[in-house]
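Commentary on secondary and tertiary structure
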Amino acid sequence: MTSIRRTLLVYLLLGVAAAAAVATWFTYNEARSEVGQLFDLQLKQLAYSTRIDDLVRGRQPALALPDNRPAAGVSEILTQIWDRDGVLVYWSRPDASLPVPVKEGYSNATYNGREWRVYTHVAGTHALQVAAALDEREAIATQTALRTLLPLLALIPILGVLIWYAVGKALQPLDAMSRAVARRRPDAMTPIPESRVPRELLPLAQSLNGLLARLDEALSAQRRFTADAAHELRTPLAALKLQAELAARAPDAIGRGLAIAELQSGVDRASHLVEQLLTMARLEPEGPGRDALPVDLAALARDAIVARAALAADKKIDLGLTRASSDPVRGDPASLAMLIANLLDNALRYTPTGGRIDVAVERNERASILSVIDTGPGIAPADRERVFERFYRVAGSAGAVGSGLGLSIVRRIADAHGASVDLDAGPGGLGLAVRVTFPAPAPAPA
């Protein structure tokens, strides 16, 4: 399992180690360079502090530091003196074979299989050469550089502990938030306090509070739906029970036949109510327009009309598609088919025998419009907004087999597709005209 603390520790330590490595490299090279310059200066000081005549005449011992020690850390210093004719007149070791000096200053020479650093000082008619082995100087320079780096290397584990502690301290608010969420009851939807939340965790707290608010709204909707469904199912179930009892107590076959017919009608009403309740339940948790596809509304309308042609013919209702635009809208085909089905079922339910239902799909520059116009009793202006509420039924419509959910389902599907639903009177002020307006899709980018 991925750990934020471990990830931060690893990356921070890698960054510190990389910075330390770069600093170490520069420090090491700088320390060696500084030590080398100090040794060069030491050779030069030794050369300038020596009286060449006294050394040639034997009145001064071999070169040494002022306290008669060889150069610090250097086991031996070679010394040679040449005259103007190139004759070696003095040497600290008989087997020394430093090259004849050409000019004053620093140079490198190989002697006895070792590299030597040589400083030549010209004074009068003589040239003094002072030399020290380079390998000893390099060893001393390396030791000095490493001693300089030891404190930096020792800081890395200390920094690791400090980073671990600091990351843990910084993540404590996140741990506290996690524990607070874990301790919550399933029905606790109160928001997380944001007053003491660090700035970096504030977006997470706000997102969680938004999620809790949406969950609370969804649970409230489910509770309302369950209560409404239980209330609405109570009546048809009681009616079914009563009709079954009447059928059982019927004195003759004619009475039983009438009671059974009423029982079948009650079963139809209860079945329709259950079907509508299931449809509404499917629409509650998630929006039906989430997977938008190009949908031909005219084709869906034709299919819905064909599926209800027998029912319309049985009531002698003229049901047809008067206008059909082929321009598609974007949406979920199954949900839009459900929307058209509910509009047609409502129109067929309330349109009297011999009436007319006209379906049209039109398109203008701004929108696509689906309209269903019937010659039924219509809906009074005062009720046109309330009919979209669950289980609301217009006064005087008790005789129709309806659940009060059809237009509520239509509104929810339309809202999910960004569409609007408008109710108006039909032509001549008779019947009901339902228009669902879908916004035109945005033009494709060039």
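Predicted, not measured: the structure shown is a model, and the values here were computed from it.

**Here's the deal with the pattern of salt bridges**
Scanning all chains against the criterion turns up 10 salt bridges. Close ionic contact of arginine 114 with glutamate 136 constitutes a salt bridge, the shortest N to O distance being 3.3 Å. Residue arginine 114 is found in strand 4 (residues 114-123), and its partner glutamate 136 is found in helix 3 (residues 134-182); the two are separated by 22 residues along the sequence. Salt bridges sharing partners connect three or more residues here, namely Arg114, Asp135 and Glu136.

**A few points about helix 1 (residues 4-48)**
Helix length check: helix 1 (45 residues) gives 64 Å between terminal C-alpha atoms against 66 Å at 1.5 Å per residue, within 8%. Among the residues of helix 1, Leu9, Ala20, Thr24, Ala31, Val35, Gly36, Phe39, Asp40, Gln42, Leu43, Leu46 and Ala47 are the ones counted as buried. Elements in contact with the buried residues of helix 1: strand 1 (77-83), strand 3 (105-111), strand 4, strand 5 (126-133) and helix 3.

**Quick word on unusual backbone geometry**
Backbone geometry at lysine 316 places phi at a positive 55°, although glycine is not the residue there. When you line up the elements, lysine 316 lands in the loop between helix 7 (309-314) and strand 7 (318-324).

**Thoughts on the pairing of strand 11 (residues 420-425)**
Note that strand 11 and strand 12 (residues 432-439) share 6 bridges and pair antiparallel. Its bridge partner being in strand 12, valine 421 is matched across the sheet by valine 436. In textbook terms, the turn of a hairpin is the stretch between consecutive antiparallel strands, and for strand 11 and strand 12 this stretch comprises 6 residues, one of which, glycine 428, has a positive phi near 75°.

**Re helix 6 (residues 297-307)**
Along helix 6, the positions that sit buried rather than exposed are Leu297, Ala298, Leu300, Ala301, Ala304 and Ile305. For helix 6, the buried positions fall inside an angular range of 160° around the axis, keeping them on one side. Turned more than 90 degrees away from the buried face of helix 6, the exposed residues are Asp303, Val306 and Ala307. A distance of 3.1 Å separates the backbone nitrogen of alanine 298 from a side-chain oxygen at the start of helix 6, and that oxygen is part of aspartate 296.

**A word on the packing of aromatic side chains**
Tallying each qualifying case throughout the model produces 3 aromatic pairs. Here the aromatic residues Tyr48, Tyr106 and Tyr119 are joined through ring pairs into a cluster of three or more.

**With respect to the sheet that holds strand 5**
The strands that make up a sheet pair up through hydrogen bonds in the backbone, lying either parallel or antiparallel. The sheet built from 5 strands is open, its strands ordered 2-1-5-4-3 with antiparallel pairing. Two strands close off the open sheet at either side, each with one partner strand: strand 2 (88-91) and strand 3. Between one strand axis and the next, the sheet turns through 25° on average, direction left out of account. In the packing of helix 1 onto the sheet, the strands contacted are strand 1, strand 3, strand 4 and strand 5, and the crossing angle to strand 4 comes to about 40°. Helix 3 rests against strand 3, strand 4 and strand 5 of the sheet, and its axis sits at about 105° to strand 4.

**A closer look at a nonpolar patch on the surface**
Residues Leu155, Ile158, Leu159 and Leu162 make up a contiguous nonpolar surface patch of about 340 Å² in total accessible area. With respect to the element layout, isoleucine 158 can be found in helix 3.

**As for the confidence of the model for the protein**
Atom-level detail of predicted coordinates should not be read off regions where pLDDT is low. Of all residues in the protein, 84% attain a pLDDT of 70 or more, and the chain-wide mean is 78. pLDDT under 50 marks residues 285-289. Its contacts with residues more than four places away, or in other chains, come to 9 contacts.

**Observations regarding the packing of helix 6 against helix 8 (residues 333-350)**
The contact between helix 6 and helix 8 brings their axes to 10 Å, and the two run at 50°. When the interaxial angle is binned, helix 6 and helix 8 end up oblique. In this structure, the crossing between helix 6 and helix 8 has a hand that is right-handed. Contacts from Leu297, Leu300, Ala301, Ala304 and Ile305 in helix 6 reach Pro333, Leu336, Ala337, Ile340 and Leu344 in helix 8.

**What about the sheet that holds strand 7?**
A sheet is described by the order of its strands in space; here 5 strands give the open sequence 7-9-10-12-11, paired in mixed fashion. Looking at the sheet topology across the chains shown, the edges are occupied by strand 7 and strand 11. Across this sheet, the average inter-strand angle for adjacent strands is 15°, counted without regard to direction. Note: strand 9 (residues 356-363) against strand 10 (residues 367-374), 7 bridges, orientation antiparallel. Within strand 10, the position partnered with glutamate 362 by the bridge is isoleucine 369.

**Details of the environment of valine 181**
Tracing the sequence through the fold places valine 181 in helix 3. Placed 11 residues apart in sequence, valine 181 and isoleucine 192 show a C-alpha to C-alpha distance of 8.4 Å.

What counts, and where the lines are drawn
- Residues numbered from 1 in each chain as written.
- Predicted model: local features only at pLDDT ≥ 70, side-chain atom pairs only at ≥ 80, totals over all residues.
- Heavy atoms only, no water.
- Salt bridge = Lys/Arg side-chain N within 4 Å of Asp/Glu carboxyl O.
- Helix = DSSP H or I, 4+ residues; strand = E, 2+ residues; numbered from the N terminus.
- Expected span 1.5 Å × (residues − 1).
- Buried < 20%, exposed > 50% of the residue type's maximum accessible area, 1.4 Å probe, protein only.
- Contact = heavy atoms within 4.5 Å.
- Pairing = 2+ DSSP bridges.
- Arc of directions from axis to C-beta.
- Polar contact = N/O pair within 3.5 Å; in protein donor to acceptor, adjacent residues only side chain to side chain.
- Phe/Tyr/Trp six-rings, centres within 6.5 Å; stacked < 30°, edge-to-face > 60°.
- Axes fitted to C-alpha atoms, helices over the stretch in contact; angles between N-to-C directions.
- Patch = residues over 30% accessible without salt bridge, like charges linked within 9 Å, V, L, I, M, F, W, Y side chains within 5 Å.
- Areas by Shrake-Rupley, 256 points an atom, 1.4 Å probe, with all protein chains shown as cover.
- pLDDT = per-residue confidence, 0-100.
- Parallel < 35°, antiparallel > 145°, perpendicular 65-115°, else oblique.
- Left-handed = near helix turned anticlockwise from the far one by under 90°.

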